[in-house]
Every structure is written in structure tokens, then in C-alpha cells.
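# Residue-level structure breakdown
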Amino acid sequence: MIPYPFPALVGQEDLQLSLLLNAVSPAIGGVLVRGEKGTAKSTAVRALTALLPPVEVVAGCRFSCDPASPDPGCPDGPHAVGAGTGETRPARMVELPVGASEDRLVGALDIERALSEGVKAFEPGLLADAHRGILYVDEVNLLHDHLVDLLLDAAAMGSSYVEREGVSVRHAARFLLVGTMNPEEGELRPQLLDRFGLTVEVAASREPEQRVEVVRRRLAHDDDPEAFAARWADEEQRLRERIAAARALLPRVRLGDAALRQIAATCAAFEVDGMRADLVMARTATALAAWAGRDQVEQADVRQAALLALPHRRRRNPFDAPGLDEEMLDRTLEEHAPQEDEGPEPPDGGPGDGPDGGPGDGPDGGPGDGGGVPPQDAPSQSGQAPRDEGGPADQPSLPEQAGPAAQEPSGTGAGAQAPAAPQPAAPTGEPFKARALTVPGLGEGAAGRRSRARTAHGRTTGARRPQGALGKLHLAATVQAAAPHQQARGRRGSGLVVRRDDLREAVREGREGNLVLFVVDASGSMAARQRMSAVKGAVLSLLLDAYQRRDKVGMVTFRRGDAEVTLPPTSSVDAAAARLETLPTGGRTPLAAGLLRAREVLRVERLRDPARRALLVTVTDGRATGGPEPLVRARQAAGLLAADGVASVVVDCEQGHVRLGLARELAQYLGGEAVTLDELRADAVTALVRRTTGAQDARIAGRAA
């Protein structure tokens, strides 16, 4: 299939520029593309392949070694150096599926041959395939954390290490890393966000003319891919030539002290953690100067580098919208700009970052049709109608950053309200560190950090025969299974004769992520005494906890005469926080309806993901006033959930001197635990333990005296 031409993309200037800069300087560290669905994220990345120059590799090497400088530690080596040892192949773009295993990513050792023959029989993984090319991860936010860690470590070090029961393999793995994600499906942890060099926000244009042009080009490509690609062939060739020229110029670009001071001042002003941001900004500014054909970094380069390298590093928690205050950025740059009496930069300013051993098969084309680029201070073309022969600006500004509330339509908006106007939404109270709520028993769900489960990572608790593909080898159990059969198998010499049936894999216990379904009472009784503000703070605290523990979350609210699914189960806690912020209150308390709606949500989720266990968190004062016999029906609904085996926690929101204890009764019918808002705080639990331990110590000391 002929890929969509890279320069034919419309209205994605920032994305194109970021990909281009990584092609010029692979040391920048890759690109994370964030945006709503249907914004050509994957199309843009796949379009890079046609712009990559061919790669010269050692003939027969599975690790794509360069004949001019082969990897001395290559598992297929050693390789001879010189003419006649190489062959040319197209550069690769390797895709990492979300459901890939660790062995598929880093490669796997043939354990049977390693034990019986003592050889390192290694099957390369996707990291080896991507060496000297592009590694593309679609929906990187849905990738398991341990795979993301392995991926980013390899990208940072330029090599991959595989360790299995004392057998080690190392091979080169230098590639351009590009990840795409839809923030609605959940965020990456800040530690992982920081490992991507640049981040770009993409969104569909709201300009009708630009949308028309997007559709026109897409239809033309689908109708006749060859003819459409031929229209853009000259533009692609000019982009290849300009990339090569920029890479050649890059080592001669000077990054002077004035630019370095601006970079350091900018990172300090925006309070980014660590020093990686400074390094990425420096490399990006240098690459921008090389792309513009200059040998000196200017203030415009530093500004554009900040817009690409800093927004994602400012997230402090999952509810912070990434973005940068451009007015503050401009003030910082002006305050630290070189003064006229300082004189010109010394000629021996620091050189720019050259290619870090990355292939001359680096990616793709630039953001302009015909290779022409406007001056760096030219305005972005994203809001203007595109032209067939015109390209986007070289240095476009980032699009407006919209917070979660702007992007997520509320399921409880005005159009969905009952005729009576609801009370104004209560403000959300200050979040706190919540105590750990877990699902009892031992699960087998997706890796996470909440409840006990059998997982691929964790402490070893036993051994078993492989259940399908071999997991982590349990060496002692394998040797124990093979030992009694050595004489019958005619063993000679020191090698152990191992058969496939002897292999045992380790059984490990770790933590899993759960589905945390919130059932929130939004009735008038909860709004009394401004309790809803404290309740929202508690739910927000539990959402933060769910984010840190890699859970899915959902929300059911009930008020007036019915219950509704305010947020279907999702990995995006941002969306849940946005819905919580605008949650209206008022009316009677249809508790039974809320519990029954939650039961239906859990039933559907069990069909979709049977291995993921659920934790039902009901936030209420226990009152039931909606419908006939409301309290009886609520208890019956709770009994149904208990019969389904759903783990439950009731957050008792009742306040005042006279308490009915209805929430605690509800917890008994659910077969779960009841906790007050105060008991939900982790520091309150810690203080209680300390008080209890202190009292016990005092009693022991008293007896001893």
C-alpha cells in the first residue's frame, strides 16, 4: 500500500516540525503526539517511511549493523569491516502493538538450547528490528508501564539488554521513538512523559475551508494512490535534501552562553523537574538553527524549543492541563536576553549536538511543501486555508491548550436536566492522600498497583508448567524436573539434557489494576451543610489514587428520580475529574436506582474485560427517599451486588450530632466496609495506628514496671 505523502498533510505544522527536528538531531529524544481521535496522528508517522534514505547494513545481520562501523558486541558478530560486506535495504518503521509481551519487545532467549548446549540462542525483538529506523507506538498511554520503561531506557541508552537466568545479550538499538496517544483514554505518568523529548498537541481544524482541503486530499489519495503520490514526489525529494543539509550543518551550529542562559532561566521559571528539559531545549534549539540554515542559535530558536519541550513537563498531577504561558515565556526570554553592551557571542561557543550515532536513515520530511520555509517569526498557518503548493510555517506556535472541562461535554449539562433548576455545582474540596482500598483475594487482571494478583512481575511464589508461551523461567524447578531423567535420556558429558516438558515458569505475585466504579449521591441531602464540597474532595482524592494505581474508573450519580452513568468506565481520570467538577445536586435520593445502574455497568464490563476485578465505592449518607419503599428496594439492590461478589466500600458522608447509621447498614448489605470521610485519609489511618501502638507500648511498660 502506498503511504500518504508527508508534505500533503494539512494543518499539522507543529507535528511535522517536531518529527523533522528529530530527524535532524536524533539526540532530542523522540516525539509524543497527543490529540483527539481522527487527527492524522498515525498517518503522519507512517508517512515518514517514504522520506527515510536507504540503509546500508551488514549482509545477514539480524541487528542491522553498519558495515562501516559494526557493533563490536553484536550477537551475530563479529563482523568484518570493509567494502563488499554490506547490502542496502529500505529504512524500517516498526510498530509496537499495545498488547505486545516483554519478549516480543526486547527479544527472547531459547532457554532449552541455553541449558542443554550452553549457547546464547537469541531471537531478536522489535527493538532490534527498529535499530537505525523508527519505532512507532500507537496508544502508548495504554502500554504497560514496565514495557514503557524498557522502551524509554533503550531509546535513552541506544542499546537493549536482555538478562535471563545468568545469560546476557546486548545489542545496539538506536531509533527515532514516536508515540501517539488520545488523552481521553488516560495519561502517561509524569516520569514517563519527561522521557519523551518533545510533545505536540494536535486537534482537528475548526476552519471549514481547511477541513474541505483535508477531505479533498484524502479522497484523491484513496481513489488513485500512485497518481497522488506522484504529485508530491518532488516535494518529498526536496525535503530529503534539506534534511541532509541540516544534518551536515548541525555539528557547526554554535549554542552561545546567552542562549544557554535563556534556556536555563526558562526551565527555572516554569519549575520543571531535573535537568532533562534543559538538555532537550538546547538540542532542539540547535536543530532549529540547522534547519533554518544558520550556524548560530537565536532567541526565536530558544522560544520555539520551549514551546515543544516544556508543556508536558509542567504536569504535576493528572488533572493539570499541559500547556505553557506564552506571555510568561516571552517575559523570561526578554529579561535574560543579551544586552547591547555585552558585545557579540564569542566565536568558540559550544557546538550543537550532532547525530548520536543514529542512522542516516533518520526520518522524514519537513513541514513545508517544496522545502521552502518562511522566516522563524512567521505566523502559524494553522488557521488559514491551505494551498496545494504552499506549506506550513517553519516555526509555528503551539495551539491553544484546552482543559479537560472544555474537551469533555458533561453528561449532566443543562440539556439533560429535569425541569426544576439544580442547585449550583459545589466547589471541589482540597484533595488529600487517600488510604489504600483493595479488592480481597488474588486476581489475574492487568498489571497495576492496587490489589494482589498473579502477574508477570513481582515476587516468585512457586512454579508451574507453562500456560501457553513460556514466561519467566523458574530455573531450579526446571532442573528438578529434568534431573530424574538424565540416565534414561543417555546423558553424556556436563550438559543437562532438557526436554520441553521439563520447562517450568515462575508463578509470581504482584499487583493488578482494578475498575473503581464510583456511585455518588448527588441528592439534596448531600448538598445540605455544604457537604458536597467535602465529598467532591474525597472523590477527587480517590481518583488521584486510582491514577497512581493504574486503575480504570467510572462514575454513576443519582439524584431526583433516577440514576445515570456520568462517566462510562475509562482509563482517563481527567474526564472523571471534569465531570465531578460540574456535578449538580438536589432532589430526592433514588439510592436503589443508583445501585442497580452500577450493577448493570459492572455486568457489561465483566463481559468486556473478565479478568479485571471491580471495586464499588458508594459515596452517600445512606438515606433513600426516591420511589416506593425506597429503603427496602435499596437493601435489595445491595443484596444483588453482594450476591454478584462485587467488592464494596461505602464512604459514609453523614454528619451532625444525631446520626442514623444508614450508610453503615448499607455497607453490611453490600458485604463491604464503611469508612467516614475522615477515616478515608491516609494520615488519619497512620495516626490511628500510631496511637494504638503507643497505647500498647505504654501498657507493656506499665506491666514491666
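Overview of the structure. (Residues numbered from 1 in each chain as written. Predicted model: local features only at pLDDT ≥ 70, side-chain atom pairs only at ≥ 80, totals over all residues. Heavy atoms only, no water.)

## Examining the sheet that holds strand E10 (residues 175–181)
Adjacent strands of a sheet pair through backbone hydrogen bonds, lying either parallel or antiparallel. In spatial order, the strands read E4-E7-E10-E1-E11; together these five strands make up an open sheet with parallel pairing. Two strands bound the open sheet, and with one partner strand each, they are strand E4 (93–95) and strand E11 (198–202). If you compare each strand with its neighbour and ignore which way they point, the axes differ by 20° on average. As judged from the four bridges shared by strand E1 (residues 31–35) and E10, these two strands associate in the parallel manner. Looking at the pairing, Val31 lines up with Val178 of E10. Running over the sheet, helix H1 (residues 13–24) touches E1, E10 and E11 and is turned about 160° from E11. (Pairing = 2+ DSSP bridges. Helix = DSSP H or I, 4+ residues; strand = E, 2+ residues; numbered from the N terminus. Axes fitted to C-alpha atoms, helices over the stretch in contact; angles between N-to-C directions. Contact = heavy atoms within 4.5 Å.)

## Focus on the pattern of salt bridges
Using the criterion set out here, one finds 35 salt bridges in the structure. Across the pair Arg62 and Asp76 runs a salt bridge, and its minimum N-O distance is 2.8 Å. Here Arg62 is found in the loop between strand E2 (55–58) and strand E3 (86–89), whereas its partner Asp76 is found in the loop between E2 and E3, with 14 residues between them in sequence. Of the residues examined, Arg62 reaches a relative accessible area of 35% and is grouped as partly exposed. The partner of Arg450 in a salt bridge is Asp545, with the nearest N and O atoms 3.0 Å apart. Placement of the pair is Arg450 in strand E14 (residues 447–464) and Asp545 in helix H18 (residues 531–548), with a sequence separation of 95 residues. This pair shows no difference in class: Arg450 is buried, exactly as Asp545 is. Shared partners join several salt bridges into a network, and the residues in it are Arg450, Asp545, Arg549 and Asp551. (Salt bridge = Lys/Arg side-chain N within 4 Å of Asp/Glu carboxyl O. Buried < 20%, exposed > 50% of the residue type's maximum accessible area, 1.4 Å probe, protein only.)

## Regarding the packing of helix H12 (residues 276–291) against helix H13 (residues 299–309)
It is at 8 Å that the axes of H12 and H13 come closest, and there the two elements cross at 125°. Relative to H13, the element H12 is oriented oblique. Between H12 and H13 lies a crossing whose hand is right-handed. Between H12, through Val280, Met281, Thr284, Ala285, Leu288 and Ala289, and H13, the contact on the second element is made entirely by Asp301, Val302, Gln304, Ala305, Ala306 and Ala309. For the contact of H12 with H13, the per-class residue count stands at nine nonpolar, two polar and one charged. (Parallel < 35°, antiparallel > 145°, perpendicular 65-115°, else oblique. Left-handed = near helix turned anticlockwise from the far one by under 90°. Nonpolar A, V, L, I, M, F, W, Y, C, P; charged D, E, K, R; others polar.)

## Notes on the packing of helix H11 (residues 257–269) against H13
Across the interface, H11 lies against H13 with an axial gap of 10 Å and an inter-helix angle of 25°. Taken as axis vectors, H11 and H13 run roughly parallel relative to one another. Read as a crossing pair, H11 and H13 show a hand that is right-handed. For the pair H11 and H13, the contacting residues are Ala259, Gln262, Ile263 and Thr266 in the first and Gln299, Val302 and Ala306 in the second. The residue makeup of the contact of H11 with H13, split by class, is four nonpolar, three polar and no charged.

## A few points about the nonpolar core
Core analysis: the largest hydrophobic core is formed by 66 residues, its most contacted members being Phe6, Val24, Val178, Met281, Val297 and Leu310. Broken down by element, the residue count for this core peaks at ten residues, all from H12. Dropping the residues within four chain positions of it, Val178 is found in contact with Leu19, Val31, Val33, Val45, Ile134, Leu135, Tyr136 and Val137. Core analysis: the next-biggest nonpolar cluster, separate from the first, contains 37 residues, Met532, Val535, Leu567 and Leu583 among them. (Core = buried A, V, L, I, M, F, W, Y, C linked by side-chain atoms within 4.5 Å.)

## So, the packing of aromatic side chains
The relative placement of two aromatic rings is captured by the distance of their centres and the angle of their planes. Taken as a whole, this structure holds two aromatic pairs when the rule is applied. Seen from their ring centres, Phe228 and Trp232 are 6.3 Å apart, and the 50° between their planes marks the pair as tilted. Per residue, the accessibility class of Phe228 equals that of Trp232, and both read buried. Feature note: the residues Tyr4, Phe228 and Trp232 constitute an aromatic cluster, connected by ring pairs. Over the face of the ring belonging to Trp291 we find Arg242, whose NZ or CZ atom lies 3.7 Å from the ring centre. (Phe/Tyr/Trp six-rings, centres within 6.5 Å; stacked < 30°, edge-to-face > 60°. Lys NZ or Arg CZ within 6 Å of the ring centre and 35° of its normal.)

## Quick notes on the sheet that holds strand E21 (residues 673–676)
With mixed pairing, six strands are arranged side by side in an open sheet as E18-E17-E16-E19-E20-E21. Looking along the sheet, the strands with just one partner apiece sit at the ends: strand E18 (562–570) and E21. Each strand axis lies, on average, 20° off the axis of its neighbour in the sheet, ignoring direction. Helix-sheet contacts for H18 involve strand E16 (515–521), strand E17 (552–559) and strand E19 (614–620), and the interaxial angle to E16 is about 175°. Each of E16, E17, E18 and E19 is contacted by helix H20 (residues 591–608), which is oriented at about 30° to E18, the strand it contacts most.

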